[in-house]
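# Close look at the chain arrangement
Each chain, letter by letter, is given below.
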Amino acid sequence: MPKIVIIGAGIVGCSLADELTERGYCDVVVIEKDKLWKPGGSTSHAPGVVFQTNGSRTMAQFARQTVEKLYSLQHGGETCFLKVGSLEIATTPERLADLHRRVGLAISAGINARVIPPEEALKLHPLLVSDKMLGALYVPDDGIARAVMADEVMGERSISRGARFIAECEVIAIDQSEGRVTSVQTTQGSFPADIVVSCAGIWGPKIGAMVGMSKAIQPLAHQLCYTVPMPELAAYKSEAELPVLRHQGSDLYFKQRGQSLAVGWYGHRPLPVRAQDILPSELAEVMPSQVPFTPEDWKGAMEHSAEVIPALKSTDIAESMNGLFSFTVDNFPLMGEWSGLKGFWVAEAVWVTHACGVARAMAEWIVDGHPALAVHECDVNRFDTHQLGLTHIEERGAQNFVEVYDLLHPLQPMESPRPLRTTGFYQRQQELGGFFLEASGYERPQWYEANAGLVGRFESPPRDEWSSKFWSPVIGAEACAVREGVGLFDITTLKRIEVTGKGALEFLERLTTGNLRKKPGSITYCLLLNDKAGILSDITIMRRGEHDFFIGVNSNTDINYLRQLAPDTVHVQDVTAGTVGLGLFGPKARELAQSLTRDDLGNEALGYFRLKSTYLGHVPVMLCRLSYVGELGYEIYTTADFALKLWDTLWQAGKEFGLIAAGRGAFNSMRLEKGYRSYGTDMNSEHNPHEAGLSFAVRKGGGYKGAEAFTGLDPNALSRRLVCLVLENPQHVVLGKEPIMHQGKVVGYVTSAYFGHTIGKQLAYAWVPAALSTQGTGLSIRYFDRDYPATVGQDPQYDPQMTRLKS
């Protein structure tokens, strides 16, 4: 049984100790720098308001699990969660529409939610007024977490199973040997450890620095005030009966505390604090996570509050604080084992809302090897190097604070700092009027205004206001033009690695599902599976030599996963920044490429899923015969120093063939027509290859991680499947994450969606019960407050015989 040291006895640390000891991992020591059970971190002052609805399915599930667990805990005969419900009010048509969208997010994650009229909201919360209210989102199972009480219950329960909690004990160093943690040095001595889990919250960067880890965490102060007792609440005798309330249009939230109200305010400027500057308990006025209140930043809070709760207009403030919370560069927590030190785990930047769910996933990860929920969004190893710089962490953290209640579109990128990363094609893309979104820090064109003249030839159906954001009819024109001719796509943002050295083949065979025993020059589409046959990633392996593989992966998480498991003789090198990639796709792609090389590019010489090292003009390239858009074509790779020359060479030669530059919008439309999956969007570790329609990528005979579990699956006894839905009306546009309805009940959710410009149909891939996955089954997709009829269709919709790809 491993010796586990948890740093921090806030709600995450206590919940993790509870989850580990429940699973029989009882050699646990929890180290807390202050007193138990209110040690002075964010848990100790957090208002505890829990709104479960989230744009991330995983985060919504974490919230659900947190509510379920806290509601089940009893402290002195009282529940640790007050299920008073929540209201999110809308005072503008835009906010009301967004509430309907958020209902979709909620119910697709199994959270009971509905939009109610103002009069019903007033009955639930009599202090509100209906003057400006247009409606409210009501979630009856939301409420107030009594986090400090829960800490004590979970801590005491852990102790009863054998865990030890050491109070007033500060960590001063983390010892390591041969790349693995060995012990934790504290003010009360040394604690041996096989596993150290940092649950230090706002002090996370300080603990990370002890092992040389830069954590993408930024503590920021957020203003919270409590009113004096209010006459309007005099009849209430318990801690809370009214729903927790959010007025996101004015950056406000409210909760009842007996006969007073708490008012939380995000409308002030960002107030970042460095972890090393947080005062210790003996010097802090109240507690370390409360910094001095700044009255000037409170300006406007009560005025806006009085617009929806008039009684606050004449109410005084009794308590006020600037409370510290953790923000990250991408709004997701940090979870998992850090790749830089074996045995050093992190569970931080976790708000009370998600704490118990995160702790459960961490315990499953430590005990079982992988959590039941997909956690790729939260993996501590997900970041690119630029995201770990202090300036970037502070600026993005501050921007996320500003946007915490903003109405954000799913495609909306951050405005600053940009541009961060550009490819060698950026200048040419700007000249063509590229409209850029951000991907992995890169500027990536979504479409090119230079192609606006094509819109007259290739029209797209009209869109509503929401789906028209970050979209242009040029996207459809580009997709159709590529299907007829040839297009140039920038694919540089996709991660690329080299796996080389003696034993590289055997190493990749152990971890991937594909048949790699092919001659150099072969390309194989593979999956990475966990021990339960859940899909960790899908990757494309290109064999350049006997011990030389060039691999397209999805993320830094994939790279770190392979690095951690590689034997000493095998080298895993990230070559993304030093290389560039272009996709040359379309029926004229071979003619164009052939005009630039003396090598034979005919179908027999360079067939589908084969590669060749050659020259296009003066540029040395690796030419790979594959296409993610379902057309004849090539992925072309070269080193970054040749980027501009490669673009110009293709562009000049392409004039004869009608070459256009095409953006990511066209790319996505075309890949959905062809039924190609996108990892993290269409499938993840919660799904197996049979369910996702990817069993063709799994070789027979086993010998790969997850083989035993996969072999034990019955493809005819699945509970769910990923299917292609075709909407009846081509003008009914959906974007992804909408609930799937059948006979008035939620039965699944949309993953990817786009209009198929070649086939003239709106497509949506979705997870549905296997019983509803037969072609021809009628379903509907709830988009905002409307139900769009759809039918389970053929997968794929375009070129199912692969004739165009293999031509």
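Residues numbered from 1 in each chain as written. Predicted model: local features only at pLDDT ≥ 70, side-chain atom pairs only at ≥ 80, totals over all residues. Heavy atoms only, no water.

## Structural notes on the overall build of the chain
Where we set the bar: A run of H or I in DSSP becomes a helix once it reaches four residues, and a run of E becomes a strand once it reaches two; helices and strands are each numbered from the N terminus. The globule rule is 2.2 Å times the number of residues to the power 0.38, and the radius of gyration it is compared with is taken over C-alpha atoms. Only protein chains enter the accessibility calculation, which uses a 1.4 Å probe; a residue whose area is less than 20% of its type maximum is buried, one above 50% is exposed, and one in between is partly exposed. Note on definitions: a residue-residue contact is assigned when non-hydrogen atoms from the two residues lie within 4.5 Å. Where accessible areas are quoted, they stem from the Shrake-Rupley method and a 1.4 Å probe; at the residue level, only the protein chains shown are allowed to cover. Only four residue types enter the tally: Lys and Arg on the positive side, Asp and Glu on the negative side, with His and both chain ends excluded. Charge coordinates come from a single atom per side chain, which is NZ of Lys, CZ of Arg, CG of Asp or CD of Glu.
A tally of helices and strands in the chain yields 19 helices and 42 strands. The globule rule puts the C-alpha radius of gyration for 807 residues at 28 Å, and the 28 Å found for the chain is close to it. Oriented by its inertia axes, the alpha-carbon framework of the chain measures out at about 85 × 65 × 50 Å. When the 807 residues of the chain are sorted by exposure, 61% land in the buried category. Across the chain, contacts joining residues at least 24 apart in sequence account for 72% of those joining residues at least 6 apart. Accessible surface for the chain amounts to roughly 30,600 Å². Of this, 49% is attributable to carbon and sulfur atoms. Placing the 77 positive and 91 negative side-chain charges of the chain at their respective mean positions leaves the two points 5 Å apart.

## What about the pattern of salt bridges?
Two side chains carrying opposite charge are able to pair once their charged atoms lie near each other. What counts here: Any Lys or Arg side-chain nitrogen found within 4 Å of a carboxyl oxygen on Asp or Glu counts as a salt bridge.
Inspection of every chain in the model, using the stated rule, returns 42 salt bridges. Taking the shortest distance from any N to any O, the salt bridge between Arg-23 and Glu-364 comes out at 3.9 Å. Here Glu-364 lies in helix α9 (residues 355-368) and Arg-23 lies in the loop between α1 (11-22) and β2 (28-31), a separation of 341 residues in the sequence. Exposure remark for Arg-23: the relative accessible area of 28% places this residue in the partly exposed category. Here Asp-682 ties to Arg-671 by a salt bridge, and the two come within 2.9 Å at their closest N and O atoms. Remark: Arg-671 occurs in helix α17 (residues 664-673) and Asp-682 occurs in the loop between α17 and α18 (689-692); sequence separation between them is 11 residues. For the pair Asp-682 and Arg-671, a shared accessibility class is recorded, and that class is buried. What emerges from the salt-bridge pattern is a single network uniting Asp-18, Glu-19, Arg-23, Lys-69, Arg-157, Arg-161 and Glu-364.

## Considering the packing of helix α12 (residues 474-484) against α17
Put simply, the rule reads: Here, axes are lines fitted to C-alpha atoms. For helices the fit covers the stretch in contact, and angles between N-to-C directions go from 0 to 180 degrees. In these notes the angle categories are as follows: under 35 degrees is roughly parallel, over 145 is roughly antiparallel, 65 to 115 is roughly perpendicular, and the rest is oblique. Note on convention: the crossing is left-handed when the near helix lies turned anticlockwise from the far helix by less than a right angle, right-handed when the turn is clockwise.
Two elements in contact, α12 and α17, have axes whose closest approach is 8 Å; the angle formed by their N-to-C orientations is 60°. It follows that α12 is oblique to α17 by the angle criterion. Once α12 is placed against α17, the crossing between them reads as right-handed. Contacts from Ile-475, Glu-478, Ala-479, Val-482 and Arg-483 of α12 reach α17 at Gly-665, Ala-666, Met-670 and Glu-673.

## Some words on the sheet that holds strand β6 (residues 81-82)
As a reminder, the rule being used: Two strands pair under a simple rule: DSSP has to find at least two bridges between them.
Taking strand neighbours across the sheet as the criterion, the three strands line up as β3-β10-β6 in an open arrangement whose pairing is antiparallel. Only two strands of the sheet have a single neighbouring strand rather than two, namely β3 (49-50) and β6. Bridge analysis of β3 against strand β10 (residues 143-145) gives two bridges, and the strand direction is antiparallel. Paired with Val-49 across the two strands is Ile-144, which belongs to β10.

## Details of the environment of Leu-646
Here Leu-646 lies in helix α16 (residues 643-654). Spatially, the C-alpha atoms of Leu-646 and Pro-93 are 49 Å apart, while their sequence positions differ by 553 residues. Ignoring sequence-local partners within four residues, the contact set of Leu-646 consists of Leu-582, Leu-616, Val-619, Val-621, Ile-636 and Thr-638.

## Describing the nonpolar core
Applicable threshold: Nonpolar core, defined: a set of buried Ala, Val, Leu, Ile, Met, Phe, Trp, Tyr and Cys residues in which side-chain atoms within 4.5 Å join the residues together.
Grouped together as the largest cluster of nonpolar side chains are 70 residues, with contacts concentrated most on Ile-6 and Val-197. No other element matches the nine residues that α9 contributes to this core. Within the second largest apolar cluster, 36 residues are counted, among which are Val-5, Ile-31, Leu-341 and Phe-344.

## Structural notes on the sheet that holds strand β30 (residues 548-553)
Taken in spatial order, the five strands make up an open sheet running β28-β29-β30-β27-β31, and their pairing is antiparallel. Here the strands that pair on one side only, and so sit at the sheet edges, are β28 (523-529) and β31 (571-574). Strand-to-strand twist in this sheet, taken as the mean axis angle between neighbours without regard to direction, amounts to 30°. In terms of strand pairing, strand β27 (residues 495-500) meets β31 through four bridges, oriented antiparallel. Looking at the pairing, Ile-497 lines up with Asp-574 of β31. Lying over the sheet, helix α14 (residues 556-565) contacts β27, β28, β29 (535-545), β30 and β31, oriented at roughly 160° with respect to β31.

## Regarding the packing of aromatic side chains
For clarity, the cut-off: Put simply, two rings from Phe, Tyr or Trp (the six-membered ring, in Trp's case) pair if the centres are within 6.5 Å, and we call them stacked under 30 degrees between planes, edge-to-face over 60, tilted for the rest.
One pass over the structure, following the stated rule, counts 24 aromatic pairs. Between Tyr-266 and Tyr-405, the aromatic rings sit 5.1 Å apart at their centres with planes inclined by 65°, giving edge-to-face as the arrangement. With Tyr-266 in the loop between β19 (260-265) and β20 (290-291) and Tyr-405 in the loop between α10 (390-402) and α11 (426-431), this residue pair connects regions lying 139 residues apart in the sequence. Judged by relative accessible area, which is 6%, Tyr-405 ranks as buried. With centroids separated by 5.9 Å and ring planes inclined at 15°, the aromatic side chains of Tyr-525 and Phe-696 adopt a geometry described as stacked. Pair noted here: Tyr-525 is in strand β28 and Phe-696 is in the loop between α18 and α19 (707-711), with a separation of 171 residues, a long-range link. On the basis of relative accessible area, Phe-696 is assigned to the exposed category, the value being 61%.

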